[in-house]
Amino acid sequence: MSDYVWNRGEWDSGDVFTDPSDGQVLVDTGALPAGYYLLAVIGGGSVAWVYDVQLRNAANTANIESQRRRPPAGNEDFPFPNKVFVGADERLRCVLSGAIIGQVQMSVWRLSDS
């Protein structure tokens, strides 16, 4: 994965997965510093697919919040409409729900107030 920084904005890019299985982590920001973040999930798939956007606790053992998305084949853009508070060492990740036969890739764009 690559991580680019542009004027306090950061881009976490997941790999392109071919025929991924259920539960595949598509992108993960890693542990983040505490703060308020503008977030967007961006990606695409060659087939219809289902994934969960998860805000995980600092131990990365449980979801604090989760949102299921069901995009059709093509591009997927899910910008969060407002700043979200992320506690110290919490993370945002996207996880595939159900196996697919095809390709999928996800990225997370984030801008912090710190």
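These numbers were taken from a predicted model, which means no experiment stands behind them.

Focus on the side chain of Asp52
Then, in step 1: Structurally, Asp52 is set in strand E6 (residues 51-56).
Then, in step 2: A distance of 2.7 Å separates polar atoms of two side chains, one belonging to Asp52 and the other to Arg68.
Then, in step 3: Not counting the four nearest positions on each side in its chain, Asp52 is found in contact with Ser66, Gln67, Arg68, Arg93, Cys94, Val95 and Ser97.

Examining the sheet that holds strand E4 (residues 25-28)
Then, in step 1: Pairing is antiparallel in the open sheet, where 4 strands are placed in the order E4-E10-E6-E7. The outermost strands of the open sheet, each flanked by one partner alone, are E4 and strand E7 (63-69). Put simply, the sheet's adjacent strands are angled 20° from each other on average, direction ignored.

Re unusual backbone geometry
Then, in step 1: If you check the backbone angles, Asp19 has positive phi at about 55° while not being a glycine.
Then, in step 2: With respect to the helices, strands and loops of the structure, Asp19 is situated in the loop between strand E3 (17-18) and E4.
Then, in step 3: Assessed through its relative accessible area of 41%, Asp19 is described here as partly exposed.

Let's talk about the pattern of salt bridges
Then, in step 1: Summed over the entire model, instances satisfying the criterion amount to 5 salt bridges.
Then, in step 2: Linking Glu10 and Arg110 is a salt bridge whose minimum nitrogen-to-oxygen distance equals 3.2 Å. Taken together, the residues Glu10 in strand E2 (residues 9-13) and Arg110 in strand E11 (residues 103-112) connect sequence positions 100 residues apart.
Then, in step 3: Among the residues examined, Glu10 registers a relative accessible area of 23% and is labelled partly exposed.
Then, in step 4: Close ionic contact of Arg68 with Asp52 constitutes a salt bridge, the shortest N to O distance being 2.7 Å. Of this pair, Arg68 sits in strand E7 while Asp52 sits in strand E6; the two residues are 16 residues apart in sequence, bridging distant segments of the chain.
Then, in step 5: Residue Asp52 is classed as buried on the basis of its relative accessible area of 12%.

Re the environment of Ile64
Then, in step 1: When you line up the elements, Ile64 lands in strand E7.
Then, in step 2: Separated by 26 residues in sequence, Ile64 and Glu90 place their C-alpha atoms 9.1 Å apart.
Then, in step 3: In contact with Ile64, not counting residues within four places along its chain, are Leu55, Arg56, Asn57 and Glu90.

Some words on the nonpolar core
Then, in step 1: Ranked by internal contacts, the top residues of the largest apolar core, which has 21 residues, are Leu26, Val41 and Tyr51.
Then, in step 2: When residues of this core are traced back to their parent elements, those giving at least two are E4, strand E5 (35-45), E6, strand E10 (91-96) and E11.
Then, in step 3: Excluding its chain neighbours within four sequence positions, the residues that come into contact with Val41 are Tyr51, Val53, Glu76, Asp77, Phe78, Phe80, Leu92, Cys94, Met106 and Ser107.

Conventions and cut-offs
- Starting afresh in each chain, residues are numbered from 1 along the sequence in its written order.
- Selection of residues for local features in this predicted model requires a pLDDT of at least 70, selection of side-chain atom pairs for listing and counting requires 80 or more, and totals for whole chains, interfaces and linings are taken over all residues.
- Remark: hydrogens and water are excluded; side-chain values derive from all non-hydrogen atoms of the structure.
- Counting from the N terminus, the helices are the DSSP runs of H or I reaching at least four residues and the strands are the DSSP runs of E reaching at least two.
- Residues adjacent in sequence count toward polar contacts only when both atoms are side-chain atoms; beyond that, a polar contact is any pair of N or O atoms within 3.5 Å, and within protein one must be able to donate a hydrogen and the other to accept it.
- Whether two residues are in contact is decided by their heavy atoms, any of which lying within 4.5 Å being enough.
- Two strands pair under a simple rule: DSSP has to find at least two bridges between them.
- Only C-alpha atoms enter the line fits that serve as axes; for helices the fit covers just the stretch in contact. Angles between N-to-C directions range over 0 to 180 degrees.
- The cut-offs for exposure are 20% and 50% of the maximum accessible area for each residue type, with area from a 1.4 Å probe on protein chains only; residues under the lower value are buried, those over the upper are exposed, and the others partly exposed.
- Salt bridges are counted wherever a side-chain nitrogen of Lys or Arg sits within 4 Å of a carboxyl oxygen of Asp or Glu.
- We define the nonpolar core as a collection of buried residues of types Ala, Val, Leu, Ile, Met, Phe, Trp, Tyr and Cys that are connected through side-chain atoms lying within 4.5 Å of one another.

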